[in-house]
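Tertiary structure, described
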Amino acid sequence: MFRYYRSLPPVCKTYGVACLMTTSAFYLGLFEYYSISLDYGLVLKHFQVWRLITNFFFLGPFSFPFAFLLIIIAKYGVALERGPFDKRTADFVWMLIFGALSLLVMAAVPFLSSPFFGGSVVFMMVYVWGREFPNARISIYGVVTLKGFYLPWAMLALDLIFGNPLMPDMLGIAAGHLHYFLTVLHPLSGGKFILKTPLWVHKLVAFWGEGTQINSPVQRDPSTSVAFRGRSYRLNGSRTSRSNSTPATNQAGADSSAQQPADRGDGSVAFRGKSYRLNGR
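Worth saying up front: this structure is predicted, and the values here are computed from it rather than measured. Sequence order as written defines residue numbering, which begins from 1 separately in each chain. Predicted model: local features are reported for residues with pLDDT of at least 70 only, side-chain atom pairs are reported and counted for 80 or more only, and whole-chain, interface and lining totals are derived from all residues. Excluded from the side-chain calculation are hydrogens and water; included are all heavy atoms of the structure.

1. Topic: the overall build of the protein chain
Note the cut-off: A run of H or I in DSSP counts as a helix once it spans at least four residues, and a run of E counts as a strand once it spans at least two, with each numbered from the N terminus. Buried means the residue's accessible area, taken with a 1.4 Å probe over protein chains only, is under 20% of the maximum for its type, while exposed means over 50%, and partly exposed covers the values in between.
Assigned secondary structure in the protein chain consists of 10 helices and four strands. In sequence order, the secondary structure elements of the protein chain are arranged as α-α-α-α-α-α-α-β-β-α-α-α-β-β. In the protein chain, which comprises 281 residues, the share counted as buried stands at 43%.

2. Let's talk about the confidence of the model for the protein chain
The following threshold applies: pLDDT is a residue-level measure of predictor confidence that goes from 0 to 100. Here, two residues are considered to be in contact whenever any of their heavy atoms come within 4.5 Å of each other.
When pLDDT is averaged along the protein chain, the result is 80, and 78% of the positions lie at 70 or above. Every residue in residues 224-281 scores below 50 in pLDDT, and together they form 88 contacts with partners more than four places removed in sequence or on other chains.

3. Description of unusual backbone geometry
In this model, Phe-47 sits at a positive phi of 55°, which is unusual for a non-glycine residue. Locating Phe-47 in the fold gives a position in the loop between α3 (40-46) and α4 (51-54). Positive phi values are uncommon outside glycine, yet Lys-87 reaches one of about 60°. Along the chain, Lys-87 turns up in the loop between α5 (64-82) and α6 (89-107).

4. Let's talk about the UniProt feature "transmembrane region" (unreviewed entry) in the protein chain
Keep this limit in mind: UniProt positions are given in the numbering used here, feature names are shortened, and annotations may be inferred rather than shown by experiment.
Per the UniProt record, the feature "transmembrane region" (unreviewed entry) sits at residues 12-36, 56-80, 92-118 and 138-162. Helix makes up 63% of residues 92-118 and strand makes up 0%, while its end C-alpha atoms are separated by 16 Å. Secondary structure within residues 138-162 divides into 48% helix and 28% strand; the distance between the first and last C-alpha atoms comes to 20 Å.

5. Points about the layout of surface pockets
How we decide: Put plainly, a pocket is an open set of points on a 1 Å grid over the protein atoms alone with protein on both sides within 12 Å along at least five of seven lines, a cavity is a set where a 1.4 Å probe fits but cannot get out, and a lining residue has an atom within 4 Å of a point. Grid points are joined across faces, edges and corners, and a volume is the space filled by probe spheres set on the points. Only Asp, Glu, Lys and Arg are considered charged, only Ala, Val, Leu, Ile, Met, Phe, Trp, Tyr, Cys and Pro nonpolar, and every remaining residue, Gly among them, polar.
Its volume calculated, the largest pocket comes out at about 720 Å³. The wall of the largest pocket is formed by 27 residues, among which Pro-65, Leu-69, Gly-119, Pro-165 and Asp-169 lie closest to the centre. At the level of elements, α5, α7 (118-132), α8 (151-162) and α9 (167-188) are the ones that each hand at least two residues to the lining of the largest pocket. Looking at the lining of the largest pocket, the element that brings in the most residues is α5, giving five residues. In terms of residue class, the lining of the largest pocket is built from 20 nonpolar, five polar and two charged. Surrounding the second largest pocket, 20 residues form its lining, Tyr-15, Phe-57, Val-93, Leu-96 and Ile-97 being those nearest its centre. For the lining of the second largest pocket, the secondary structure elements donating two or more residues are α2 (10-27), α4, α6, α7 and α10 (199-208). With six residues, α6 is the largest single contributor of residues to the lining of the second largest pocket. Per-class residue counts for the lining of the second largest pocket are 19 nonpolar, one polar and no charged.

6. Digging into the environment of Pro-10
With respect to the helices and strands, Pro-10 occurs in helix α2. Leaving out residues up to four positions away in the same chain, Pro-10 has contacts with Glu-81, Trp-208, Glu-210 and Gly-211.

7. Observations regarding the side chain of Glu-81
Counted only if it meets this: Charge assignment in this entry is limited to Lys and Arg as positive and Asp and Glu as negative, and neither His nor the chain termini are counted. Each reported salt bridge corresponds to a side-chain nitrogen of Lys or Arg within 4 Å of a carboxyl oxygen of Asp or Glu.
Relative to the helices and strands, Glu-81 is located in helix α5. In this structure, Glu-81 is buried with no salt-bridge partner, the nearest side chain bearing the opposite charge being Arg-82 at 7.4 Å. Ignoring sequence-local partners within four residues, the contact set of Glu-81 consists of Pro-9, Pro-10, Val-11, Cys-12, Asp-86 and Phe-92.

8. A word on the packing of aromatic side chains
Selection criterion: Two aromatic rings from Phe, Tyr or Trp, using only the six-membered ring of Trp, form a pair when their centres are within 6.5 Å; if the ring planes differ by under 30 degrees the pair is stacked, by over 60 it is edge-to-face, and anything between is tilted.
On inspection of all chains with the given rule, the structure shows 16 aromatic pairs. Between Phe-58 and Phe-116, the ring centres sit 4.8 Å apart and the planes meet at 50°, which makes this aromatic pair tilted. Placement of Phe-58 in the loop between α4 and α5 and of Phe-116 in the loop between α6 and α7 is noted, with a sequence separation of 58 residues between them. By the burial criterion, Phe-58 is buried, and Phe-116 matches it. Here the aromatic rings of Tyr-76 and Trp-129 are separated by 4.8 Å at their centres, their planes lie at 65°, and the arrangement is edge-to-face. Here the residue Tyr-76 occupies a position in helix α5, and Trp-129 occupies one in helix α7, the gap between them amounting to 53 residues. With a relative accessible area of 6%, Trp-129 lands in the buried category.

Right, dumping it as structure tokens:
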């Protein structure tokens, strides 16, 4: 079990553990659920700004739905972080932050408000996974087999059958589609890439010292974790390698030193991921 925990990618592992600890603290009576719920009235009038963050880490009390959401993080969230977002930790963190900000904006509409949006963030992961792996074969309870593209809608139908509220799931789908449209569909159709991962997110991941980012504009801090020993890109566009390599002088016309990175034009480096290449390779 401990080996499996150590093998999990950092973002999903951190978020899953944070949700588990929040529910454990609630089970032990350390706080009441309404003290961390999203309430814009208390945020604006009493400056209880922590509610803008804490509501995303509560998936409900210990129950089957709570366990099901943790399983989704461990399965589909991890598949995203290891697949399309492999070596793109900052981009994955930015996807979750953008989804959370989108949900907060939606919550400002009265009939869309909800005290907790942790389930919506999890459902956002499911939607993005379905778009990234549309042809994956999924079996639901060993009864129905369908493609990954239809998984969010199948889970939405299950919530309808079980009598669970549908609004959090639908808001998660909306946030996930908005991110996927702005980062994949719109640029691939010739539009401008307008949702580049901010510099402060790259700095946050570099300071955190976990994960890797192949297109990071932030130079690695030697004092951080060894996870950042891969290639990194400085703010001036130059590339640093793992160690200083020496050119081979005994071969005519040969040079073993690292080559300069290719020209990226208008910032298409953000599409180095599996499903984000503009040239289709």
